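Spelled out from the first residue to the last, the chains are:
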Amino acid sequence: MIKGFKEFILRGNVIDLAVAVVIGAAFTLIVNAIVAGLINPLIALVFNASSLDAVGWTVTNLSGDPVFFGFGMILGAIINFLAVAVVVYFVFVYPMNKWKERAAARAGISEEEAAELPTEQELLVQIRDLLSAQPKA
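The text that follows walks through the structure, step by step, so that each part is easy to find. As the structure is a computational prediction, the values presented were derived from the model and not from experiment. (Residues numbered from 1 in each chain as written. Predicted model: local features only at pLDDT ≥ 70, side-chain atom pairs only at ≥ 80, totals over all residues. Heavy atoms only, no water.)

## Focus on the pattern of salt bridges
Enumeration according to the criterion identifies two salt bridges in this entry. Linking K98 and E101 is a salt bridge whose minimum nitrogen-to-oxygen distance equals 3.6 Å. Here K98 pairs with E101, and both are found in helix 3 (residues 71-107), just three residues apart, close to one helical turn. Classification of K98 as partly exposed rests on a relative accessible area of 30%. Residue D129 is joined to R128 by a salt bridge in which the shortest nitrogen-to-oxygen separation is 3.1 Å. Owing to a relative accessible area of 38%, D129 belongs among the partly exposed residues under this scheme. (Salt bridge = Lys/Arg side-chain N within 4 Å of Asp/Glu carboxyl O. Helix = DSSP H or I, 4+ residues; strand = E, 2+ residues; numbered from the N terminus. Buried < 20%, exposed > 50% of the residue type's maximum accessible area, 1.4 Å probe, protein only.)

## Describing the packing of aromatic side chains
When we look at a pair of aromatic rings, we describe it by the centre distance and by the angle of the planes. Tallying each qualifying case throughout the model produces five aromatic pairs. With a centroid separation of 5.5 Å and 40° between ring planes, the pair formed by W57 and F71 is classed as tilted. Here the residue W57 occupies a position in strand 1 (residues 57-60), and F71 occupies one in helix 3, the gap between them amounting to 14 residues. Taking relative accessible area as the criterion, W57 reaches 46% and is therefore assigned partly exposed. Arranged with centres 6.5 Å apart and planes meeting at 55°, the rings of F90 and Y94 form a pair that is tilted. Residue F90 and its partner Y94 are located together in helix 3, separated by four residues, close to a single helical turn. (Phe/Tyr/Trp six-rings, centres within 6.5 Å; stacked < 30°, edge-to-face > 60°.)

Treat this as a map of the structure, not an account of what it does.
Structure (structure tokens):
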């Protein structure tokens, strides 16, 4: 059982995922600071509110109590998500795609040929099948 856990932890995917989670958490703090320090004040100019949480309307319910519908929180979450998505795309995804294109060009492989190449999993399945087809000595 310990051996299986050790193999699981030492797989590259698990380490990559752990790094991604840590960087994502640190990156979230940066995006939250940008939203709080730049985007919220810009929206406050339009809605005359100090925070998006205060943007909304109040309605009285049947018993006469006020009920607040805060669409500003939803708007803030959408802006936060879009800011994270844009930055992740332009900082991580786009440069990585360009790097892969350059590496493929240096190797002399076109994008169409690269798409036709078997994946690592397909290669492993082929190797397994070849090994199982060999006569056992």
